Amino acid sequence: MPMDERTKATVRTLLDRHPDGYVAETTGFTVTNTAAGLFRLLVLSILADDGAPSRAAVDATRALLDRHWDSAPEMAKSDERGRAEVIDRAGYGGAEQASRRLGEATRLVMDRYDGDLQRLRAAADGDAGRLRDLLREIPGMDDAGLTVFLREAQMFWPEAGPFVDERAAGAAERLGLPSDPRELLEDVARGGGEEKLSWLVGALALADVHDEYDGIRRTAEAAARA
């Protein structure tokens, strides 16, 4: 279905405001389809206390990565107490439990996937349900974490999507966009495919977090009239 001018303008406005994806904008690191890139995403996912992680969760993630514990082999060299101290200094509650979950998750990724979550994807063999089941087997991966992970991973793992979390779906409805994942992919993100969908879903979630609805509507309506 062709997009009307207002829909096109809304999408352009969203992506102009938030062009880099949710994780890149909030944490400063780019998610890549590499062993290290996917592990960094996993760390944030495990620490996430919501589909839009709190400032403390983001700060704790950045603090851990700043210690160069930014891949499974490097995180495996850390100890539980050291991780807990870093997480606690970042202002994240329950630092000891979080450190324990990260340690357990790292061991599973090392033991089962040789440190590379691309092997988890290969084990799912293109089955979307199996992919989610395997992700849920990682210690600390709850609904919030799965939201964070899938929203980004669908950029280069098509079987992870099309994925639109509840926050982004609600934002889409408020902005007059389809909230159904398949419609967003085929009618709105077409031409850009899963990569554009991932960015758009992240932009929608950020628009909701920052309550940017009025500004986006005004900008989009002005652009549509121009």
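The paragraphs below set out a description of the structure included in this document. Here the structure is a predicted model, which is why all the values come from computation and not from measurement.

Each value, and the rule that gives it
- Along every chain, residues carry numbers that run from 1 in the direction the sequence is written.
- It should be noted that, the model being predicted, local features are given only for residues of pLDDT at least 70 and side-chain atom pairs only at 80 or more, the latter also being counted only at that level, while totals for whole chains, interfaces and linings use all residues.
- Based on all heavy atoms of the structure, the side-chain values leave hydrogens and waters out of the count.
- Residues belong to a common nonpolar core when they are buried Ala, Val, Leu, Ile, Met, Phe, Trp, Tyr or Cys residues joined through side-chain atoms within 4.5 Å.
- The cut-offs for exposure are 20% and 50% of the maximum accessible area for each residue type, with area from a 1.4 Å probe on protein chains only; residues under the lower value are buried, those over the upper are exposed, and the others partly exposed.
- Put simply, DSSP H or I for four residues or longer makes a helix, DSSP E for two residues or longer makes a strand, and each gets a number counted from the N terminus.
- Contacts between residues were defined by any pair of non-hydrogen atoms, one from each residue, lying within 4.5 Å.
- Note on definitions: angles span 0 to 180 degrees between N-to-C directions of axes, and those axes are lines fitted to C-alpha atoms, for helices only across the stretch in contact.
- Angles below 35 degrees are treated as roughly parallel, those above 145 as roughly antiparallel, those between 65 and 115 as roughly perpendicular, and all remaining angles as oblique.
- Should the near helix be turned anticlockwise from the far one by less than a right angle, the crossing is left-handed, and should it be turned clockwise, the crossing is right-handed.
- For this classification, Asp, Glu, Lys and Arg are treated as charged, while Ala, Val, Leu, Ile, Met, Phe, Trp, Tyr, Cys and Pro are nonpolar and the rest, including Gly, are polar.

With respect to the nonpolar core
Okay, step 1: Formed by 49 residues in total, the largest nonpolar core has its most connected members in L42, L117, I138, F149 and W157.
Okay, step 2: In terms of residue count, the dominant contributor to this core is helix α3 (residues 35-47) (eight residues).
Okay, step 3: Apart from residues no more than four positions distant in its own chain, I138 is found in contact with L42, I46, A105, L108, L117 and L120.
Okay, step 4: Grouped together as the second largest cluster of nonpolar side chains are 21 residues, A169, A171, A203 and L204 included.

Focus: the side chain of H18
Okay, step 1: Within the secondary structure layout, H18 lies in the loop between α1 (5-17) and α2 (22-27).
Okay, step 2: When neighbours within four sequence positions are excluded, H18 is seen to be in contact with E25, A203, L206, A207, H210 and E212.

Notes on the packing of helix α9 (residues 128-136) against helix α10 (residues 143-153)
Okay, step 1: At their nearest, the axes of α9 and α10 sit 11 Å apart, and the two run at 125° to each other. Classified by the interaxial angle, the pair formed by α9 and α10 is oblique. Crossing hand, α9 versus α10: right-handed. Residues R132, L135 and R136 of α9 form the contact with α10, whose own contacting residues are D143, L146, F149 and L150.
Okay, step 2: The class makeup of the residues in the contact of α9 with α10 is four nonpolar, no polar and three charged.

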